[in-house]
Amino acid sequence: MDEREISAMTEASGLTKDQGGFENPPRETPRTRKQTDLRQSVDELAERLRKATVEAPLRSLLAAFVLGVWFARRR
């Protein structure tokens, strides 16, 4: 769904604003908190991997690639 569809559904439900005129804040559940924490952890891991890859010498990257291909073909 895109934002327009979500907005249209929210407006149709009549839940766009509470009595004070402020939009209803999204409710944070343990599940959404876990998803946020997981997403943050994945982003941090990807950033660390990117930095390690940028700083690694080209020979090491080539060796890792060749070993990865060799290992994948064995399976």
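Please read these numbers as outputs of a predicted model, since none were measured by experiment. (Residues numbered from 1 in each chain as written. Predicted model: local features only at pLDDT ≥ 70, side-chain atom pairs only at ≥ 80, totals over all residues. Heavy atoms only, no water.)

Another point: the pattern of salt bridges. Evaluation of the coordinates by the stated rule reveals two salt bridges. Of the charged contacts, one joins D43 and R39 as a salt bridge, the two residues approaching to 3.8 Å between their closest N and O atoms. Of this pair, D43 and R39 both sit in helix α2 (residues 30-55), four residues apart, which is roughly one turn of the helix. Here D43 falls in the partly exposed class, since its relative accessible area comes to 40%. Given the relative accessible area of 54%, R39 is considered exposed. (Salt bridge = Lys/Arg side-chain N within 4 Å of Asp/Glu carboxyl O. Helix = DSSP H or I, 4+ residues; strand = E, 2+ residues; numbered from the N terminus. Buried < 20%, exposed > 50% of the residue type's maximum accessible area, 1.4 Å probe, protein only.)

Right, let's get into the confidence of the model for the protein chain. Within the protein chain, residue pLDDT values average 77, and 63% of them lie at 70 or more. Mean pLDDT across the secondary structure elements of the protein chain bottoms out at helix α1 (residues 3-13), with 68, and peaks at helix α3 (residues 58-74), with 92. (pLDDT = per-residue confidence, 0-100.)

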